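Examination of the molecular architecture
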Amino acid sequence: MKSDAMRQAGFTLPELLIVLAIVGVLLAAGMPGLRSYTQSQQLAGAANAFLGALNLSRSEAIRRGGRVDLAPRDGVNWENGWVVFVNKPADANRQFDAGDELIYSHDRLPAGMVLTTTLTDKSAPYIAYNGNGRTRNNMSDRAPLWGSWQFSLDGRSRLVRLGILGRARICNPADDRSCAF
């Protein structure tokens with residue numbers, strides 16, 4: 001009698017295979033949505049991290065009463081990450097190097113993400129804030145620098161826009177008309 005009760009309490013192999021097949025179909029149907037959600041979160045995360053670095057640069061420049069820079073980690077490509085730093089005195093090199101004070105560093109962007117930059121000063125990829133919290137170019141602390149960084153991944157994008165007064169914001173070009181310059 002014990003063996004009959006034990007047989008009735010479990011699943012048969014065909015029942016288990018049917019349940020596994022249904023779970024597999026449901027998972028397969030949900031995977032494209034999960035991938036899309038993951039990419040959307042990566043895109044938003046990268047744009048928000050960059051906006052945070054811009055805001056940190058500005059607030060540190062105001063707090064210190066002097067220039068603070070935001071530039072690519074490698075001095076060339078924003079996709080390889082960025083750094084917020086204070087350049088050592090009398091250093092003509094406006095990229096982060098030995099002797100500069102590092103405030104913040106961000107790692108490389110996720111694979112497949114593209115970052116396109118449009119800045120008014122095309123001499124080098126950087127943003128510099130003066131002690132008043134306004135952007136400046138390398139030639140003068142009174143000449144403003146502004147532009148945008150477009151983060152793109154699989155047809156989606158987010159734009160970080162930096163205005164002439166040094167304030168930045170994020171927008172979605174797909175649904176925000178004010179996003180375009």
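Remember, predicted model here, so these are calculated numbers, not experimental data.

A short note on the overall build of the protein
When helices and strands are counted, the protein shows two helices and nine strands. The N-to-C order of helical and strand elements in the protein reads α-α-β-β-β-β-β-β-β-β-β. A compact globule built from 181 residues should have a C-alpha radius of gyration of about 16 Å, whereas the protein, at 25 Å, is more than 25% larger. Overall, the C-alpha framework of the protein stretches about 90 × 40 × 25 Å when taken along its three principal axes. Here the protein, with 181 residues, has 34% of them falling under the buried criterion. Residue pairs in contact within the protein that sit at least 24 positions apart in sequence constitute 52% of those at least 6 positions apart.

Things to note about the sheet that holds strand β9 (residues 168-171)
Pairing within the open sheet is antiparallel, and its four strands lie in the order β4-β7-β8-β9. Strands at the two margins of the open sheet, each flanked by one partner only, are β4 (114-119) and β9. With direction set aside, neighbouring strand axes in the sheet form an average angle of 15°. Sheet topology places β4 next to strand β7 (residues 147-153); six bridges connect them, and they run antiparallel. Following the sheet pairing, L119 is matched in β7 by G147.

Remarks on the pairing of strand β2 (residues 82-86)
By the criterion of burial, β2 is predominantly enclosed, with five of the five residues buried. Neither face of β2 is left uncovered, since the one carrying W82, V84 and V86 and the one carrying V83 and F85 both have all their residues buried. As paired strands, strand β1 (residues 68-72) and β2 are joined by four bridges and run antiparallel to one another. Its bridge partner being in β2, L70 is matched across the sheet by V84. One ladder, built from five bridges, connects β2 with strand β3 (residues 101-106); its direction is antiparallel. Pairing of V86 across the sheet is with E101, part of β3.

Rules used in this analysis
- Residues numbered from 1 in each chain as written.
- Predicted model: local features only at pLDDT ≥ 70, side-chain atom pairs only at ≥ 80, totals over all residues.
- Heavy atoms only, no water.
- Helix = DSSP H or I, 4+ residues; strand = E, 2+ residues; numbered from the N terminus.
- Rg over C-alpha atoms; globule rule 2.2 N^0.38 Å.
- Buried < 20%, exposed > 50% of the residue type's maximum accessible area, 1.4 Å probe, protein only.
- Contact = heavy atoms within 4.5 Å.
- Pairing = 2+ DSSP bridges.
- Axes fitted to C-alpha atoms, helices over the stretch in contact; angles between N-to-C directions.

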